[in-house]
Amino acid sequence: MGSHMFKLGTCAVNCYSQWFSGLSCPTWNISPMDQYAVAKARVLRFNMIVVMEKLRDPKYVQAVERFFGVPGLTEKGVPYCERESHEANSKFPLVIKNETRESLRN
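Residues numbered from 1 in each chain as written. Predicted model: local features only at pLDDT ≥ 70, side-chain atom pairs only at ≥ 80, totals over all residues. Heavy atoms only, no water.

Q: Teacher, can you tell me more about a nonpolar patch on the surface here?
A: The grouping of Val50, Met52, Phe67, Phe68 and Val70 at the surface amounts to a nonpolar patch, some 510 Å² of accessible area in total. With respect to the secondary-structure elements, phenylalanine 68 resides in helix H4 (residues 58–68). You can call phenylalanine 68 exposed: its relative accessible area is 52%. (Patch = residues over 30% accessible without salt bridge, like charges linked within 9 Å, V, L, I, M, F, W, Y side chains within 5 Å. Areas by Shrake-Rupley, 256 points an atom, 1.4 Å probe, with all protein chains shown as cover. Salt bridge = Lys/Arg side-chain N within 4 Å of Asp/Glu carboxyl O. Helix = DSSP H or I, 4+ residues; strand = E, 2+ residues; numbered from the N terminus. Buried < 20%, exposed > 50% of the residue type's maximum accessible area, 1.4 Å probe, protein only.)

Q: Explain the pattern of salt bridges here, please?
A: When the charged atoms of two side chains lie near each other, side chains of opposite charge can form a pair. Throughout the structure, instances matching the rule amount to three salt bridges. Between lysine 54 and aspartate 57 there is a salt bridge, with the nearest N and O atoms lying 3.7 Å from each other. Residue classification places aspartate 57 among the partly exposed positions, given a relative accessible area of 29%. In this structure, arginine 105 engages glutamate 102 in a salt bridge whose closest nitrogen and oxygen atoms are separated by 3.1 Å. Residue arginine 105 and its partner glutamate 102 are located together in helix H6 (residues 98–105), separated by three residues, close to a single helical turn. Arginine 105 sits in the exposed class, given a relative accessible area of 60%.

Q: Please explain helix H3 (residues 32–43) as it appears in this structure.
A: Every α-helix carries 3.6 residues per turn, so stepping three or four residues along brings you back to the same face. Spanning twelve residues, H3 covers 16 Å between terminal C-alpha atoms, matching the ideal 16 Å at 1.5 Å per step. Taken together, the buried positions of H3 are occupied by Gln35, Ala39 and Val43. Down the axis of H3, the smallest arc covering the buried residues is 65°, so these residues share one side. (Expected span 1.5 Å × (residues − 1). Arc of directions from axis to C-beta.)

Q: Help me out: how do you make sense of H4 in this one?
A: For H4, the complete set of buried residues consists of Tyr60, Val61, Val64 and Glu65. Each buried residue of H4 sits inside an arc of 135° when the element is viewed along its axis, so together they form one side. The exposed set on the far side of H4, more than 90 degrees from its buried face, consists of Pro58, Lys59 and Arg66. Among the residues of H4, the N-terminal cap falls to aspartate 57, whose side-chain oxygen and the backbone nitrogen of lysine 59 are separated by 3.0 Å. Backbone geometry just downstream of H4 places glycine 69 in the positive-phi region, at approximately 70°. (Polar contact = N/O pair within 3.5 Å; in protein donor to acceptor, adjacent residues only side chain to side chain.)

In structure tokens form, the structure reads like this:
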């Protein structure tokens, strides 16, 4: 099939480094260490990075709230555009043809 084929195994290794570096295409042949260096340089520009998965940990949430001085980080709220998006969805509902659905399943 050729060396240009996309390989999930190549992509799945060091996903965060690839995403942050912007160098995630396996066909570019950029070494993981180079990707890591670019990703690290980009990430270090920020004063704080919140790990979304850790927001399930109450101690982590408390630490983030203390950092910003704002309580209620994980309280359920209403997104700013929720009402408008629901209204738009009701006016213009998504219609999917059976052919499209079948092509996505195969």
